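Letter by letter, the chains look like this.
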Amino acid sequence: MKITFRIWMQDGPQEPGQLVDHEINDVHPDMSFLEALDHVNASRIAKRQRVIEFDHDCREGICGTCGLVINGRPHGPLPATTTCQLHMRSFTDGETILVEPFRARAFPVIRDLRIDRTALDRIQRAGGFISTNIRTAPEANSILIAKKDAEAAFDAAACIGCGACVANCKNAAASLFTSAKIAHLDHLPQGKIESSERVVRMVRAMDQQGFGSCTNTEACEAVCPREISTDHIARMNWQYNWSRIKSIGLLK
Amino acid sequence: MQLDAKIPDGPVEQKWSRYQGSCRLVNAANRGKLQVIVIGTGLAGGGAAAALGELGYSVKSFCFHDSPRRAHSVAAQGGVNAAKNYQNDSDNVYRMFYDTIKGGDFRSREANVYRMAELSVALIDTCVAQGVPFAREYGGVLENRSFGGVQVERTFYAQGQTGQQLLLGTYAALNRQIDAGRVQMFSRHELMDLVLVDGRACGVIVRDMITGQLERHAAHAIVLATGGYAKIYYLSTLAMSSNATAIWKAHRRGALLANPSFVQVHPTSLPPLGKHQSKLTLMSESLRNDGRIWVPAQPHDDRPPKEIPDSQRDYYLERRYPAYGNLTPRDIASRAARERIDAGHGVGPLGNAVYLDFRDAIQQHGKEEIASRYGNLFGMYEKITGMNAYEQPMMIAPAAHFSMGGLWVDYELMTTIRGLYAVGECNFSDHGANRLGANSLLQACVDGYFILPCTIGNYLADFVGKPLPSIEEQPFVQAVQHSRDSIDRLLSVQGTRSVDEFHRELGAILTNRCGIVRSGDGLRCAIEEVRRLRKEFREDVCVPGESCQPNSELEKALRVQDYLGLGELMCRDALERNESCGMHFRTEYQTESGEASRNDEEYCYVAAWQYQPDGEAVCYREPLKFENVAMISRSYR
């Protein structure tokens, strides 16, 4: 296949960036998208040019490191698929493919397609846990959890933290990401104990990190590689309001 | 050098409690004055940092990912073993201990393995308390499933993403300590070197991967939790950035490396599709419960699988191992596949795969039932290969997967460098010559959560009231200079071949000669080839870009440079072990029926290698004693 990769290149966070065309004539349909980028880089190395920087690691869709906006869509054209699981057979011979980093104010570009997503970690640090010390745990089966609750918790916990939800949101909101963690812990009896404090802290952290507000377009769910549901956002908002109402003493 | 494993006295089931009852302690009020550095944030490293933070130590945690949640523990699929006996199927700690020792083909250390089995029970409690959403029965209790090499159901799991869910539990515990100010997190930092003062590990040199700055950090003790090195084969199931740099630097500074050639090859990965391939994707071992493995009976038979009648198919595992059939352990299944492929029976465009066929299972149970069991895996298969496994058999092949070998550690998980610990996959102690499925998550977790936080106190007790060494001291200055020189040297070669080309060639050498099957001649040849390649790398590698900016080619070059050292040592280790055991199969040492032939009289030991700056590594031996299990030969016929 002949493919033209039109790739965003930017030396550093403060430098101007631009789209640069890379024409490759021997792309194999079985190549993964990232292998095709490896191929682009190999041709640059042969010319002693610096490589195009992009983040990636497990290349099997679970670590959440990779993430590119491909032809305007985070993680490319396929539903429920990370960038690393996308293959060149999804494109046509002769195509020009636009490749950009995830863009959001809270995700500054480091270089080219590499971005800084530590804002997501900072949200998790603001209470995205159960306050239990290792070794203080009760016998595992003393906590009974209905199968449907365990499965609901799992579905929310399956988030890989890639940030595609933020990248596809016109407001660059992190509501899907944040609400998924809140929902995961809130579906479990051991997580419910700190629910109120958690939701307030995490929502505030989300705002402090510079993410936008959610306006319920559900663009996030559409590109989530784990198909995390926007129901969690509704739940988070309800919980947040309820916690605030309780805390200011309107309800006793 | 005398290797002292420091195994406590007494019966095996009392050793750990005796140790805990007699080790020295650090008063809670003093712990905050003691600085510990943890490298790596997977289950072992993240767990250790969190547990040390909870105890009150001052912890610095480093990872090369952009977030600690991305460590490669995240990719483990199957599950985690624990001797809970929830299924009332006569499981207990001893049985789990026995299964692990036997599965490792009697090349692991009894006391360590027993402790791992013993602590598995509390691990599940801890994970549940953290909010890990394990699979449940309708009544709300935890569910279990069976895994290769055992006859009980002791595996706890969270769909096919157990590693991810356990790691998110660890990540949450780590976040809680970061939030509390007890752990300082440094992401996108990679270890460059270890600093020793008077023979003790006192600090590290790390490279900030954004600015390229070389930083010096001092500590009272250092914990390496840097995972496995199977990516040395280039094509493996590991993540692209998984590397051996930390353990290789420790090795060069004096830590012994044990059994480096023991690397597990997983039988059910997807085969390489072409030379562009950068990694191999694992398909869960659970598929072998219903899939039947076969190849065409005639070599080079390129008919589509459906056109090959049953009489012309060779279900070679069922033929050779009627008792276990398609469920033989990993080492045996991988070896049998390799044997068929080498004999010309391989399938697929490159002739490098075997079939895993669900035709009979679909006929027996119906497509819906098979979809409910393996739907996500069939979907993943289709995503990667573009083929529908309900309609035609999957094509699978063996792939490098897990390193049982690693830094030599004693019972306290301390390496031969005082103050330097190794936890999780980067140490060697629990899996012998073959790891059982669902034991890797277990080992990483118990090392990090339970064992290290206890044993490190026994060492740190000496340092209460002692200041940290200054990072202005000579050893730090020299180590930084050494790292800087090494980077400058790589950038200045300006050769003609990319780092990946060297890595691929190294991988091919090791896959062919130090992989599933090894021979004395092949290994001697491989040592020469790796040496030649190392020389070419020094003279002809091309690393574009600069050191003061994000530079992924430089990162790769630094890792491959270390792999080129480790590759030779792996071959040496395999060459000197004149027996076959577990995954280590030397063609010269096999039974008449082609099975591994162990030599307990001469090789029942751990081979621990010491680096020599001006010559070949020297091997020290730790004899293995089996007092609680009888050494039998493994048979799965």
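Engineer: Got a sec to walk through the overall build of chain A? Specific residues and values, please.
Structural biologist: Along the backbone of chain A there are 9 helices and 7 strands. Each principal axis of the C-alpha atoms in chain A carries an extent, and together these give about 70 × 40 × 35 Å. Taking all 252 residues of chain A together, 54% fall into the buried category. Sequence separation of 24 or more characterises 71% of the internal contacts of chain A that already satisfy a separation of 6 or more.

Engineer: Would you mind going over the overall build of chain B in detail, with residue names and values included?
Structural biologist: If you tally the helices and strands in chain B, you get 17 helices and 20 strands. Scaling as 2.2 N^0.38, a compact globule of 637 residues should have a C-alpha radius of gyration of about 26 Å, and chain B matches this with 24 Å. If you line up chain B on its principal axes, its C-alpha atoms span 75 × 60 × 50 Å.

Engineer: Outline helix 2 (residues 118-125) of chain A, supporting the account with residue identities and numerical values.
Structural biologist: Across the 8 residues of helix 2 of chain A, 6 count as buried, placing the element largely inside the fold. For helix 2 of chain A, every residue scored as buried is listed here: Ala119, Leu120, Asp121, Ile123, Gln124 and Arg125 of chain A. Tucked into the core, helix 2 of chain A has its buried residues touching helix 5 (175-186) and helix 7 (195-208) of chain A together with helix 6 (162-179) of chain B. One or two steps after helix 2 of chain A, the chain reaches Gly127 of chain A, where phi turns positive at roughly 100°.

Engineer: Outline the sheet that holds strand 13 (residues 292-296) of chain B, supporting the account with residue identities and numerical values.
Structural biologist: Residues and elements named next belong to chain B. Pairing is antiparallel in the open sheet, where 5 strands are placed in the order 12-16-15-13-14. Only two strands of the sheet have a single partner each, and these edge strands are strand 12 (263-269) and strand 14 (313-314). Sheet strands touched by helix 9 (residues 330-345): strand 12, strand 13, strand 14, strand 15 (354-357) and strand 16 (394-403). Its angle to strand 12, the strand with the most contacts, is close to 70°.

Engineer: Can you break down the nonpolar core residue by residue, with the values?
Structural biologist: Counting residues in hydrophobic clusters, the biggest one holds 287 residues, and the most contacted among them are Val166 of chain A together with Val36, Val223, Leu224, Leu407 and Tyr421 of chain B. Aside from chain neighbours lying at most four places away, what touches Val36 of chain B is Leu52, Tyr57, Val59, Ala219, His220, Ala221, Val223 and Ile456 of chain B.

Engineer: Lay out the environment of Ile471 of chain B with the relevant residues and their values.
Structural biologist: Residue and element names in this part refer to chain B. You can see Ile471 is positioned in the loop between helix 12 (440-460) and helix 13 (474-493). Residue Ile471 is classed as partly exposed on the basis of its 18 C-beta neighbours within 10 Å. Between the C-alpha atom of Ile471 and that of Ile205, which follows or precedes it by 266 residues, the distance is 10.0 Å. Residues within four places of Ile471 in sequence aside, it is in contact with Gly203, Arg216, Ala218 and Phe476.

Engineer: An account of the packing of helix 3 (residues 43-55) of chain B against helix 6 of chain B is needed here, citing residue identities and associated values.
Structural biologist: Residue and element names in this part refer to chain B. The geometry of helix 3 relative to helix 6 is characterised by a closest axis approach of 8 Å and an angle of 35° between their N-to-C directions. Where helix 3 crosses over helix 6, the handedness of that crossing is left-handed. On helix 6, the residues touching Leu43, Gly46, Gly47, Ala49, Ala50, Gly53 and Glu54 of helix 3 are Leu166, Leu167, Thr170, Tyr171, Ala173, Leu174 and Gln177. Considering only residue class, the contact of helix 3 with helix 6 consists of 8 nonpolar, 5 polar and 1 charged.

Engineer: Explain the interface of chain A and chain B to me, and be specific about the residues and the numbers.
Structural biologist: At the interface, 64 residues of chain A touch 63 residues of chain B. Every element with two or more residues in the side of chain A that touches chain B is listed here: helix 1 (33-46), strand 6 (109-111), helix 2, helix 3 (147-157), helix 5 and helix 6 (189-192) of chain A. Of the residues contributing to the side of chain A that touches chain B, the split by class is 26 nonpolar, 19 polar and 19 charged.

Engineer: For the sheet that holds strand 7 (residues 189-197) of chain B, give the residues involved together with the corresponding values.
Structural biologist: Residue and element names in this part refer to chain B. Read across the sheet, 3 strands follow the order 7-8-9 without closing on themselves; strand pairing throughout is antiparallel. What marks the edges here is a single partner per strand, and that holds for strand 7 and strand 9 (214-218). Taking the axes of each pair of neighbouring strands and ignoring which way they run, one obtains an average angle of 25° across the sheet. One ladder, built from 5 bridges, connects strand 8 (residues 200-208) with strand 9; its direction is antiparallel. Bridging across to strand 9, Val204 finds its partner in His217. Along the sheet face, helix 13 touches strand 7, strand 8 and strand 9 and points at about 140° away from the line of strand 7.

Engineer: Explain the confidence of the model for chain B residue by residue, including any values.
Structural biologist: In this model, chain B carries a mean pLDDT of 96, and residues with pLDDT of at least 70 account for 100%. Scoring of the predicted complex yields 0.97 for pTM and 0.98 for ipTM.

Engineer: So what's going on with unusual backbone geometry? Residues and values would help.
Structural biologist: Residues and elements named next belong to chain B. The phi dihedral of Asp198 falls on the positive side, at around 55°, and the residue is not glycine. In this structure, Asp198 sits in the loop between strand 7 and strand 8. Judged by C-beta crowding, with 8 C-beta atoms within 10 Å, Asp198 ranks as exposed. At Gln494, a residue that is not glycine, the phi angle is positive and equals roughly 55°. Following the sequence through the fold, Gln494 ends up in the loop between helix 13 and helix 14 (499-513). Gln494 gets classed as exposed once you count the C-beta atoms within 10 Å, which come to 11.

Engineer: Give a detailed account of the packing of helix 14 of chain B against helix 16 (residues 552-576) of chain B, specifying residues and quantitative values.
Structural biologist: All names here are of chain B. For the pair helix 14 and helix 16, interaxial distance at closest approach is 10 Å and the crossing angle is 20°. One element, helix 14, and the other, helix 16, form an angle in the roughly parallel class. Between helix 14 and helix 16 the crossing geometry is left-handed. Contacts between helix 14 and helix 16 involve Val499, Phe502, His503, Leu506 and Leu510 on the former and, on the latter, Glu553, Lys556, Ala557, Val560, Tyr563, Leu564, Gly567 and Met570.

Engineer: Residues and numbers for the pairing of strand 5 (residues 153-156) of chain B, please.
Structural biologist: Residue and element names in this part refer to chain B. The pairing of strand 3 (residues 80-81) with strand 5 spans 2 bridges and is classified as antiparallel. By the bridge assignment for strand 5, Val80 is matched with Phe156. Across 2 bridges, the pairing between strand 4 (residues 145-146) and strand 5 is antiparallel. By the bridge assignment, Arg145 is partnered in strand 5 with Thr155. Hairpin connection of strand 4 to strand 5: 6 residues between the antiparallel strands, including Gly149 at a positive phi of 80°.

Engineer: Give me the environment of Cys426 of chain B: which residues, what numbers.
Structural biologist: Residues and elements named next belong to chain B. Secondary-structure assignment places Cys426 in the loop between strand 18 (420-422) and helix 12. Judged by the 29 C-beta atoms lying within 10 Å of it, Cys426 is buried. As for Cys426 and Trp609, which are separated by 183 residues in sequence, their C-alpha atoms are 15 Å apart. Not counting residues up to four positions away in its chain, the partners in contact with Cys426 are Leu224, Ala225, Thr226, Gly227, Ile247, Gly406 and Leu407.

Conventions used here
- Residues numbered from 1 in each chain as written.
- Chains lettered and ligands numbered in written order.
- Predicted model: local features only at pLDDT ≥ 70, side-chain atom pairs only at ≥ 80, totals over all residues.
- Helix = DSSP H or I, 4+ residues; strand = E, 2+ residues; numbered from the N terminus.
- Buried ≥ 20, exposed ≤ 12 C-beta atoms within 10 Å, placed from the backbone.
- Contact = placed C-beta atoms within 7 Å.
- Rg over C-alpha atoms; globule rule 2.2 N^0.38 Å.
- Pairing = 2+ DSSP bridges.
- Axes fitted to C-alpha atoms, helices over the stretch in contact; angles between N-to-C directions.
- Core = buried A, V, L, I, M, F, W, Y, C linked by C-beta atoms within 7 Å.
- Left-handed = near helix turned anticlockwise from the far one by under 90°.
- Nonpolar A, V, L, I, M, F, W, Y, C, P; charged D, E, K, R; others polar.
- pLDDT = per-residue confidence, 0-100.
- Parallel < 35°, antiparallel > 145°, perpendicular 65-115°, else oblique.

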